[in-house]
Amino acid sequence: MVYDNEHTADIILDKLKGGDPFSYIRYGDGDFIAMYPQNQNRVIGANNKSLITKEIQALIRESYQVNESNYLVGTLPTSKRSMRSAVNWRLIDELVTHPTDLYSAIGLQECFLTRRKVFAEILAEIRKKKTVYVNHYYEPALEILGDLTWVQIPQYNACEHWEHYLHEIEKHDPEQVILSAGQLSRVIGKKLHGDRVVLDIGSISDMLIVGTESFNNISLRSHIRRNRRSIEKTVKYLWSLSTSPTT
């Protein structure tokens, strides 16, 4: 079963409220394309520019194939798995065993854009835990996510030294890991999975830093360019809740 955007966000919220460890790791076009055998030793991804070695390819596939109820694998909505899709799904079906349940890779993103009250609930739960935050940039605006320890990675090809970044994350023994690290998130997703919460939030970080210096220096995804004014309003709303005496 592939859960849609709303169900995915609701399930993540329920799991956060439940308090038990779980992971949510997302896979987009670039990740599936990186699985193709012919793409070994090629650079994949316009935003992350990851060199897909044999080892990296194996780790991406391995993380995708985890079939556990507390390991949520985000994928493309069924409606996008069409003849026009950038992904060769016949080839992917030959390369991997799909988990029994799959979730939307854009569930949290769409929740931010269209269901801000629900996203505010998710954010309130995220803020309860001490967190390691993994990204190539950091802005004070990200402190809306709570008590963060930043592990900095390079903007491009962070996968090359994945073992180093995994060690940097784990040495802090975090209750929660928030990943905004492109394909590195997929490479280390399974290895971080266990007795903590692991959330791959992707471009939500870009939305949270709208208007900052880092925001002005990144390549904006289309959903951010289209919805900038709405994003600014949502960020203002989320900050108003996070600074309220009742939160």
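Here, every reference points to the structure presented above.
Reading the values: the criteria
Residues numbered from 1 in each chain as written. Predicted model: local features only at pLDDT ≥ 70, side-chain atom pairs only at ≥ 80, totals over all residues. Heavy atoms only, no water. Helix = DSSP H or I, 4+ residues; strand = E, 2+ residues; numbered from the N terminus. Buried < 20%, exposed > 50% of the residue type's maximum accessible area, 1.4 Å probe, protein only. Contact = heavy atoms within 4.5 Å. Areas by Shrake-Rupley, 256 points an atom, 1.4 Å probe, with all protein chains shown as cover. Core = buried A, V, L, I, M, F, W, Y, C linked by side-chain atoms within 4.5 Å. Pairing = 2+ DSSP bridges. Patch = residues over 30% accessible without salt bridge, like charges linked within 9 Å, V, L, I, M, F, W, Y side chains within 5 Å. Salt bridge = Lys/Arg side-chain N within 4 Å of Asp/Glu carboxyl O. Lys, Arg positive; Asp, Glu negative; His and termini not counted. Charge placed at Lys NZ, Arg CZ, Asp CG, Glu CD. Expected span 1.5 Å × (residues − 1). Arc of directions from axis to C-beta. Phe/Tyr/Trp six-rings, centres within 6.5 Å; stacked < 30°, edge-to-face > 60°. Lys NZ or Arg CZ within 6 Å of the ring centre and 35° of its normal.

Trainee: Which parts of the structure should I look at to understand the overall build of the protein chain?
Mentor: Of regular secondary structure, the protein chain possesses eleven helices and nine strands. On the principal axes, the C-alpha backbone points of the protein chain span a range of 55 × 35 × 35 Å. For the protein chain, buried positions account for 53% of its 247 residues. For the protein chain, the proportion of contacts with a sequence separation of at least 24, taken over those separated by at least 6, is 67%. Per element, the accessible surface of the protein chain, about 11,800 Å² overall, is 46% carbon and sulfur.

Trainee: Looking at this model, I keep getting lost on the nonpolar core. Mind explaining?
Mentor: Counting residues in hydrophobic clusters, the biggest one holds 43 residues, and the most contacted among them are Phe112, Ile122, Leu145, Leu199 and Leu238. Looking at this core, the elements with two or more residues in it are helix H1 (5-18), helix H5 (107-114), helix H6 (116-126), strand E9 (197-200), helix H9 (204-208) and helix H11 (228-242). Ranked by residue count, the leading element in this core is H6, at six residues. The contact partners of Leu199, leaving out residues within four places of it in the chain, are Ile12, Leu16, Phe22, Tyr24, Ile126, Val177, Ile178 and Leu179. Counting residues in hydrophobic clusters, the runner-up holds 40 residues, among them Met35, Tyr165, Leu166 and Ala181.

Trainee: Teacher, can you tell me more about the sheet that holds strand E8 (residues 176-179) here?
Mentor: If you trace the seven strands from one edge of the open sheet to the other, you get E5-E4-E1-E9-E8-E6-E7, paired in parallel fashion. Of all the strands in the sheet, just strand E5 (103-104) and strand E7 (148-152) have a single pairing partner and so form its edges. As defined by bridge partners, strand E4 (residues 71-75) adjoins E5 across two bridges and the pair is classed as parallel. Residue pairing across strands places Gly74 opposite Tyr103, the latter belonging to E5.

Trainee: I tried to follow a positive patch on the surface on my own but got confused; where do I start?
Mentor: Where like charges cluster on the molecular surface, the positive patch consists of Arg116, Lys117, Arg229 and Lys233. Looking at the positive patch, the elements with two or more residues in it are H6 and H11. Relative to the elements of secondary structure, Lys117 occurs in helix H6. We classify Lys117 as exposed; its relative accessible area is 63%.

Trainee: Just to check I follow, could you spell out H11 for this structure?
Mentor: In an α-helix, one turn spans 3.6 residues; hence positions three or four apart end up facing the same way. For H11, built from 15 residues, the straight-helix expectation of 21 Å at 1.5 Å per residue is met to within 8% by its first-to-last C-alpha distance of 21 Å. Along H11, the positions that sit buried rather than exposed are Ile231, Thr234, Val235, Tyr237, Leu238 and Ser242. Along H11, the residues classed as buried sweep out an arc of 160° about the axis, all on the same side. In H11, the exposed positions that point more than 90 degrees away from the buried face belong to Arg229, Lys233 and Lys236. On its buried side, H11 packs onto H5, H6, H9 and helix H10 (222-226).

Trainee: Explain the packing of aromatic side chains here, please?
Mentor: Ring pairs (aromatic) are described by centroid distance and by the angle formed between their planes. This structure, assessed with the given rule, holds eight aromatic pairs. On the numbers, 5.4 Å between centres and 80° between planes, the contact of Phe32 with Tyr64 is edge-to-face. Of the two residues, Phe32 is situated in helix H2 (residues 29-34) and Tyr64 in helix H3 (residues 54-64); the sequence distance between them amounts to 32 residues. Of the two residues examined, Phe32 and Tyr64, each falls in the buried class. Stacked on the ring of Tyr237, the Lys or Arg Arg116 has its end atom at 4.0 Å from the ring centre.

Trainee: Would you explain helix H8 (residues 183-192) in this entry?
Mentor: With eight of ten residues buried, H8 is to be regarded as a mostly interior element. Within H8 the residues assigned to the buried category are Gln183, Leu184, Ser185, Arg186, Val187, Ile188, Gly189 and Leu192.

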